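Chain by chain, the residues:
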There are 2 protein chains.
Amino acid sequence: MFDILHRVGVISGPSEVYSALTTVEGLAAWWTEETTVTDDGILQFRFAEGGFDMKVLDTRPNELVRWEVVDGPAEWIGTHVRFDLKQEDDFTIILFRHEGWAEQVEFMNHCSTKWATFLMSLKRLVETGKGEPAPDDVKVSNWH
Amino acid sequence: MFDILHRVGVISGPSEVYSALTTVEGLAAWWTEETTVTDDGILQFRFAEGGFDMKVLDTRPNELVRWEVVDGPAEWIGTHVRFDLKQEDDFTIILFRHEGWAEQVEFMNHCSTKWATFLMSLKRLVETGKGEPAPDDVKVSNWH
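Residues numbered from 1 in each chain as written. Chains lettered and ligands numbered in written order. Predicted model: local features only at pLDDT ≥ 70, side-chain atom pairs only at ≥ 80, totals over all residues. Heavy atoms only, no water.

- An unreviewed UniProt entry lists chain A under the name SRPBCC domain-containing protein, with Hamadaea flava given as the organism.
- Recorded under Sequence similarities (unreviewed entry), the UniProt text for chain A is reproduced unchanged: "Belongs to the AHA1 family." (UniProt positions renumbered as here; feature names shortened; annotations may be inferred.)

Structure representation (C-alpha cells):
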C-alpha cells in the first residue's frame, strides 16, 4: 500500500483548524464549495470532474479527523484520509495522510499535488478568512 | 521504501522545463537562489536551514532528469529525485518522484508539501518568467 503525506502549519489555535475539518461550512471554504452531508452523516464533496463521499471514522476534538472514502474514483474507494493536529510554537501542525493506495498510478501523483494546494488553502482560510476552494481552486495541470 | 509523488503541468514546450531542471540559472530561479555546481558536476543547493548535494545520474533532453542525493539531511542521503517529462495538450507534464525514503518520518510529510510548492514555483517560472525560489519561497509551516 502507498500513502500521500503532507505537513502544513497554520498560525492559529487548534479549534479553528478542527472546525474547518469537521463542519460543512469549514470544509466548503477550503476544499470545495459543493460540500454537503447526508442524513446518515456521509460527507459529499463535489467537483466539476466528479467527487468523493467520506464516512467519518473517528474524530477527537482538536487532535484527529479520520475519514474512509466510500464512493468516488476507483483508486480512492477504501482508502483513508487522516488529519492529526498538534501544537508547536504559534502553529497548529496538520499531519496529513491519504493512505492505502493500491498502486502508484499517475492519478496518485496528481492527487498528492492537489492535496498540497488544498491544505495551503485551508491554512489561508484559517489565517486570513479566505481559502481557495473549488471551483476557484489552484490549477496544477491539464487535470486541473 | 517510500516515495513522494507529484504531477504538475506547465503550459509550455518541454525544452523550457528541461532547461529549468538542468541549468544552474534555471534551478536557481525556482528552487533556491543559492544553486551552484562543483568542478566535478555535483549540484549544490543551499537554504537557510542547510542544503542538498545532487549527483546527476541521468538526463535525456526534454524527457528525463534523475539525481542521487549525495549529501544533505540523513533521511535524504541515497534517495533519488526523478523528473519525467511528457507532452499532453498544451502542457508539459512533470511526473515527479523523490524515491527511496527509508521511513515515513514527519520530515517526509514536510518535504512532500515543500516539493509541491517548489514545483508550482517551477510552473510559474516557465509560464510567467518569475518563480518563487528560496529565500523567498512559499512558507508552509514552522519548519518553513
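### So, the environment of Leu122 of chain B
Residue and element names in this part refer to chain B.
Link 1 in the chain: Within the secondary structure layout, Leu122 lies in helix α3 (residues 106-128).
Link 2 in the chain: Residue classification places Leu122 among the buried positions, given a relative accessible area of 0%.
Link 3 in the chain: Considering only alpha carbons, one finds Leu122 and Trp30, 92 residues apart in sequence, at a separation of 5.0 Å.
Link 4 in the chain: Beyond its immediate chain neighbours, meaning those up to four positions away, Leu122 contacts Ala20, Leu21, Trp30 and Ile94. (Helix = DSSP H or I, 4+ residues; strand = E, 2+ residues; numbered from the N terminus. Buried < 20%, exposed > 50% of the residue type's maximum accessible area, 1.4 Å probe, protein only. Contact = heavy atoms within 4.5 Å.)

### Let's talk about the packing of helix α1 (residues 14-22) of chain A against helix α3 (residues 106-128) of chain A
Residues and elements named next belong to chain A.
Link 1 in the chain: Here α1 crosses α3 at 125°, and the two axes come no closer than 10 Å. By the criterion of interaxial angle, the relationship of α1 to α3 is oblique. Every pair of crossing elements has a handedness; the one defined by α1 and α3 is right-handed. Here Glu16, Val17, Ala20 and Leu21 of α1 come into contact with α3, specifically with Leu122, Leu125 and Val126. (Axes fitted to C-alpha atoms, helices over the stretch in contact; angles between N-to-C directions. Parallel < 35°, antiparallel > 145°, perpendicular 65-115°, else oblique. Left-handed = near helix turned anticlockwise from the far one by under 90°.)

### A few points about the sheet that holds strand β4 (residues 50-60) of chain B
Strand pairing in a sheet takes place through backbone hydrogen bonds and is either antiparallel or parallel in direction.
Residues and elements named next belong to chain B.
Link 1 in the chain: Taken together, the 7 strands give an open sheet; going across it, the order is β1-β7-β6-β5-β4-β3-β2, and neighbouring strands pair in antiparallel fashion. Two strands lie at the open edges of the sheet, namely β1 (2-11) and β2 (34-37), each paired on one side alone. Taken pair by pair, the neighbouring strands of this sheet meet at an average axis angle of 20°, ignoring direction.
Link 2 in the chain: The strands that helix α1 (residues 14-22) touches are β1, β4, β5 (64-71), β6 (80-88) and β7 (91-101); relative to β6, the one it contacts most, it runs at about 170°.
Link 3 in the chain: Packed onto the sheet, α3 meets β1, β3 (43-47), β6 and β7 and runs at close to 15° relative to β1. (Pairing = 2+ DSSP bridges.)

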